[in-house]
2 protein chains.
Amino acid sequence: MSGLTIGNVAKRAGVGVETIRFYERQGLIEQPQKPGVGFRHYPADVVLRVRFIRHAKELGFSLREIGELLDLSLEPEQNCGEVRMRAEAKIADIDCRIESLEKMKGALSRLVVACGTQNQAQSCPIIESIVEESSSAD
Amino acid sequence: MSGLTIGNVAKRAGVGVETIRFYERQGLIEQPQKPGVGFRHYPADVVLRVRFIRHAKELGFSLREIGELLDLSLEPEQNCGEVRMRAEAKIADIDCRIESLEKMKGALSRLVVACGTQNQAQSCPIIESIVEESSSAD
DNA sequence: ATTGACTCCGTACATAAGTACGGAAGCTAT
DNA sequence: ATAGCTTCCGTACTTATGTACGGAGTCAAT
């Protein structure tokens, strides 16, 4: 009863067994010690960990970045200054993403409105609104 | 003077020439007609289009999804109901992403606060806060 | 003890998204 | 008209992220 088999972890997290093993190889989750006899047993919280990985992936974080996020959350008692700085950098990154998504949403909303009012003229609102960097020389 | 060469487009968009050609093959940008003699000329707005693609990729959209976003913005005059529905679906998707990012940000902020106050006890705030789905049976 | 499902492990295959290469052709400045 | 870029095109290679396969071991139920 102390722990789940890899198949149970996979089922509960909504991924395949092979994905669990792949994440182990990538160092994103820890492979439990193999008992002298029998199968490995996983603590229940790896299910949460795997779900977090999937979530973060859908949000556009790479596995490397996700590893950094997970490392942050696991070493909170020492090196506080360091952890704090990295956490704040991640927060700034997330703020940028949210801002870009808000812009994209705004452009799409304007598109929907234009659709309703037959008010043409804007050629490509999405593209127009999402880009803000200045161009470089030619 | 009427248009940029592929190299200029690439430079202005901040990508390599090969990336432009790849996006052409994927149908994300249109390859201009090749003139009888000489090189192709690209209208200036493909630069914006490429920048949009890069932006959207950083936000976690796949090239297929990005193609759908771009198609939305380019056919705004006919099939309004259809376009409108797809746009609203994209908006809902974006709302979900923003919500998840807000949750992740909240977890990171709590981590930063915990770092400052030596108030340990939460084992893994990031994971705890980002996961909300219910688990399945075993 | 046997059957059927599952684990374990290494390796191979798959897909998305580029990135690099090589040779022929075109363009530009000297 | 020649040198040194760039374009053009097909093809091959790379990286990230999984997925699938095959054979041997293990477990649980009959």
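Please read all numbers here as calculations on a predicted model, not as lab measurements. (Residues numbered from 1 in each chain as written. Chains lettered and ligands numbered in written order. Predicted model: local features only at pLDDT ≥ 70, side-chain atom pairs only at ≥ 80, totals over all residues. Heavy atoms only, no water.)

Colleague: I'm lost on the protein's contact with DNA strand D in this one. Help?
Modeller: Taken together, 19 residues surround DNA strand D, and among them T19, G38 and K57 of chain A together with G7 and R40 of chain B come closest. Of all DNA strand D atoms lying within 4 Å of any protein atom, the proportion belonging to sugar or phosphate reaches 75%. One of the backbone nitrogen or oxygen atoms of G38 of chain A is found 3.1 Å away from a phosphate oxygen of DNA strand D. Elements with a contribution of two residues or more to the surface near DNA strand D: α2 (17-25) and α3 (45-58) of chain A together with α1 (6-13) of chain B. It is α2 of chain A that contributes the most residues to the surface near DNA strand D, four residues altogether. Among the residues forming the surface near DNA strand D, the class breakdown is seven nonpolar, six polar and six charged. (Near = heavy atom within 4 Å. Polar contact = N/O pair within 3.5 Å; in protein donor to acceptor, adjacent residues only side chain to side chain. Helix = DSSP H or I, 4+ residues; strand = E, 2+ residues; numbered from the N terminus. Nonpolar A, V, L, I, M, F, W, Y, C, P; charged D, E, K, R; others polar.)

Colleague: It is not clear to me how the environment of K105 of chain A should be interpreted in this structure. Could you clarify?
Modeller: The residue K105 of chain A is located in helix α5 (residues 80-117) in this model. Each residue touching K105 of chain A, except ones within four places of it in the same chain, is listed here: I91, I94 and D95 of chain B. At 2.7 Å, the side chain of K105 of chain A and the side chain of D95 of chain B are in polar contact. (Contact = heavy atoms within 4.5 Å.)

Colleague: Looking at this structure, how should I read the protein's contact with DNA strand C?
Modeller: Neighbouring residues of DNA strand C: 19 residues in total, closest G7 and R40 of chain A together with Y23, G38 and K57 of chain B. Looking at DNA strand C alone, sugar and phosphate atoms form 76% of those within 4 Å of the protein. Elements with a contribution of two residues or more to the surface near DNA strand C: α1 (6-13) of chain A together with α2 (17-25) and α3 (45-58) of chain B. Here the surface near DNA strand C takes four residues from α2 of chain B, the largest share from any one element. Here the surface near DNA strand C is composed, by residue class, of seven nonpolar, six polar and six charged.

Remember, this is a structural readout, not a statement about activity or role.
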